[in-house]
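# Close look at the chain arrangement
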Amino acid sequence: MALQCGIVGLPNVGKSTLFNCISSGKAQSANFPFCTIEPNIGSTIVPDERLQVLEKLVNPQRVVPATVEIVDIAGLVKGASKGEGLGNQFLANIRETDAIIHVLRCFDDPNIVHVDGSVDPVRDKEIIDTELQIKDLDTVESRISKVQKQAQTGGDKSAKRMYDILVQYKEALVQGKSARSVKFDNAEDAKLSKELFLLTNKPVLYLCNVDEASAKDGNQYVQQVREAIQEEDAQLLIVAAKIESEIAELESFEERQMFLNEIGLDQSGVSRLIKAAYSLLNLQTYFTAGVQEVRAWTFTKGTKAPQAAGVIHTDFEKGFIRAEVIKYDDYVKYGSENGCKEAGKMSVEGKEYIVQDGDIMHFRFNV
C-alpha cells in the first residue's frame, strides 16, 4: 500500500526544506516564490522501533520497513483556483494524494520574504483553504448540473443519492467550510462521497514550522493556529524545519540523538511527522518475521485477515485458509516463534479476524 502525502502551503514557508529532510529526493530550496515548479516526489521509511527489536531476535538476512511517498507541491497563492501563480497544475497534483500536510510559517525572519509581507499563519491557512474550497465548489457545481435532472425526473436511485450528497457539500463550501466538515452516517453515502475526490475532503495535518527556540513548546503563532482549527477534524504538529535540515546532515544516529536531546526533544520532527501522517490515514502495521526477511506491512485499521494477506499478494487473499498470529509483546517476551508456540501464545485465526497493530502474521493459503 503506497501512502502518498502532499505538502502544501504558501511560497517560502519551508515546504521544500522539510521535503529535503524527510525524503530521499532533493527539492531545490531558495528564497523566492515558485522555486518548486514540478512536484518533487520522494520516498521515506516509516520509523518503527519494533523492527529493530525483531531484527535482533530473528537475525534475518534483510529488514524491510514500510514507506511513505511525499509530494512537494509548489507554493499556492491567492487566486490559484482561477489559475493565479502556477494554479491549477498544482491543484491537480494535490488531488492525487491521500492526505495533505499543510505547512504554515510560524517564525519571524527578516531575511526570508513572505509573499504577503507579514507573518500570519491563520491568514495563510485561510488563503489556502479558500483556494481549495473554491476548486471543490467548481467540481461540485459541475457534477450537480450533470446529475440533477437524472435525480429529479428519472428513476435512478444512485443519481438521487449522489445529488443529495453534492447538495450537502455545496451548502458547506459556500459557507467557507471544507468538505471534510460534512459527515455521513450512511456507509453507502460515505463511500459515494469519496468518489468525488474533493481536495478539502482529504485528511489534513497542519504543520507549524517554527524557529529553534520554539521547537519543543511552540510560540504565539502556533497557539493562534491551534485556536483556529479547534472545530476542524485535523491534527497539528510543531516542527523546526531549519533544525531538521541540520539534523539530517549528521552522519550517525548517536549524533542526531545528542542534538535532539540538547534542544529538549525525544525524537526528530521528521519521525513525528511520518508517524502522524500514518495515523492521519488510519493506517497500522503488521509484521512477517523469518530468517530471510523481517518486514513491515501497511494496512487500514479494521482490516480482516484475508484482506491483510492480500497486501502481500492477491493470491494470499484469494486462497486464504487461516492466519497464525503472535502478538508483538509476546514475541519479545518469549524471544522467538517457537518460544511463543511452546507458551501457547500463537493463535490460529480465520476470515473474520480483525488484524491488530503489531501482529506478527503467518498466512496459510491455497490457490
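Before any of the text, the structure's been laid out above.
A brief structural summary. This structure is a prediction, so every number in the text was calculated from the model and none was measured.

Parameters at a glance
- Throughout this document, residue positions are counted from 1 along each chain, in the order its sequence is written.
- With pLDDT at 70 or above as the cut-off, local features in this predicted model cover only qualifying residues; side-chain atom pairs require 80 or more to be listed or tallied, and sums for whole chains, interfaces and linings still use all residues.
- Note that the side-chain values use all heavy atoms of the structure and ignore hydrogens as well as water.
- Every helix listed is a DSSP run of H or I at least four residues long, and every strand listed is a run of E at least two residues long, numbered separately from the N terminus.
- When a residue's accessible area, from a 1.4 Å probe over protein chains only, is under 20% of the maximum for its type it is buried; when over 50% it is exposed; and in between it is partly exposed.
- It only takes one pair of heavy atoms within 4.5 Å for two residues to be counted as in contact.
- Shrake-Rupley sampling with a 1.4 Å probe provides the accessible areas, and residues are treated as covered by the protein chains on show and by no other component.
- Multiply 1.5 Å by the residue count of a helix minus one, and that product is the helix's expected span.
- Each polar contact in these results corresponds to two N or O atoms within 3.5 Å; when the atoms are within protein, one needs to be able to donate a hydrogen and the other to accept it, and residues that are neighboring in sequence are counted only if both atoms are side-chain atoms.
- Put plainly, a pocket is an open set of points on a 1 Å grid over the protein atoms alone with protein on both sides within 12 Å along at least five of seven lines, a cavity is a set where a 1.4 Å probe fits but cannot get out, and a lining residue has an atom within 4 Å of a point.
- Grid points are joined across faces, edges and corners, and a volume is the space filled by probe spheres set on the points.
- Axis definition: a line fitted to C-alpha atoms, limited for helices to the stretch in contact. Angles are taken between N-to-C directions and run from 0 to 180 degrees.
- For this classification, under 35 degrees means roughly parallel, over 145 means roughly antiparallel, 65 to 115 means roughly perpendicular, and everything else is oblique.
- Two helices that cross are described as forming a left-handed crossing if the nearer one is turned anticlockwise from the farther one by less than a right angle, and a right-handed crossing if clockwise.
- Here the term charged refers only to Asp, Glu, Lys and Arg, the term nonpolar to Ala, Val, Leu, Ile, Met, Phe, Trp, Tyr, Cys and Pro, and the term polar to all other amino acids, Gly among them.
- Here, the term nonpolar core denotes a set of buried Ala, Val, Leu, Ile, Met, Phe, Trp, Tyr and Cys residues that are joined through side-chain atoms within 4.5 Å.
- A patch is a set of surface residues, each over 30% in relative accessible area and not in a salt bridge, joined within 9 Å for like charges and within 5 Å for the nonpolar side chains Val, Leu, Ile, Met, Phe, Trp and Tyr.
- By convention in these notes, a salt bridge is any Lys or Arg side-chain nitrogen within 4 Å of a carboxyl oxygen on Asp or Glu.
- Working convention for charge: Lys and Arg count positive, Asp and Glu count negative, and His plus the chain ends are omitted.
- Throughout, a charge is located at the NZ atom of Lys, the CZ atom of Arg, the CG atom of Asp or the CD atom of Glu.

Quick look at the overall build of the protein now. Scanning the protein from terminus to terminus reveals 14 helices and 12 strands. Counting the 367 residues in the protein, one finds 49% classified as buried. Restricting to contacts in the protein with at least 6 residues of sequence separation, those with at least 24 account for 69%. Just so you have it, the protein exposes about 18300 Å², and 47% of that area is on carbon and sulfur atoms.

With 18 residues, helix α5 (residues 157-174) extends 26 Å between its outermost C-alpha atoms, agreeing within 8% with the 26 Å of an ideal straight helix rising 1.5 Å per residue. Of all the positions in α5, only Ala159, Met162, Tyr163, Ile165, Leu166, Tyr169, Ala172 and Leu173 are classed as buried. The inward-facing, buried residues of α5 contact α4 (121-153) and α6 (187-194).

Along the chain, arginine 180 turns up in the loop between α5 and α6. Since its relative accessible area comes to 12%, arginine 180 is described here as buried. Here the side chain of arginine 180 touches lysine 202 through a polar contact of 3.0 Å, landing on its backbone oxygen. When neighbours within four sequence positions are excluded, arginine 180 is seen to be in contact with Thr200, Asn201, Lys202, Val204, Tyr206, Glu232 and Asp233.

What the largest pocket holds in volume is close to 850 Å³. What lines the largest pocket is a set of 27 residues, among which Ile45, Pro47, Arg256, Ser268 and Ser271 lie closest to the centre. Tallying contributions element by element places helix α9 (residues 253-262) first for the lining of the largest pocket, with four residues.

What follows covers the packing of α4 against α5. As a packed pair, α4 and α5 sit with axes 8 Å apart at the nearest point and diverge in direction by 150 degrees. Between α4 and α5, the crossing angle belongs to the class labelled roughly antiparallel. By crossing handedness, the relation of α4 to α5 is classed as left-handed. Contacts between α4 and α5 involve Gln133, Asp136, Leu137, Val140, Glu141, Arg143, Ile144, Val147, Gln148, Gln150, Ala151 and Gln152 from the former and Ala159, Lys160, Met162, Tyr163, Leu166, Val167, Tyr169, Lys170, Leu173 and Val174 from the latter. Along the lines of polarity and charge, the residues of the contact of α4 with α5 split into 13 nonpolar, four polar and five charged.

Counting 70 residues, the largest nonpolar core has Ile7, Ile70, Cys106, Leu273 and Tyr331 as its most contacted members. Broken down by element, this core gets its largest block of residues, seven residues, from helix α10 (residues 269-280). Core analysis: the next-biggest nonpolar cluster, separate from the first, contains 19 residues, Val140, Val147, Tyr169 and Leu196 among them.

This part covers a negative patch on the surface. A cluster of like negative charges, contributed by Glu249, Glu251, Glu254 and Glu255, occupies part of the molecular surface. Examined against the element boundaries, glutamate 255 turns out to sit in helix α9. Look at glutamate 255 and you get partly exposed, because its relative accessible area is 37%.

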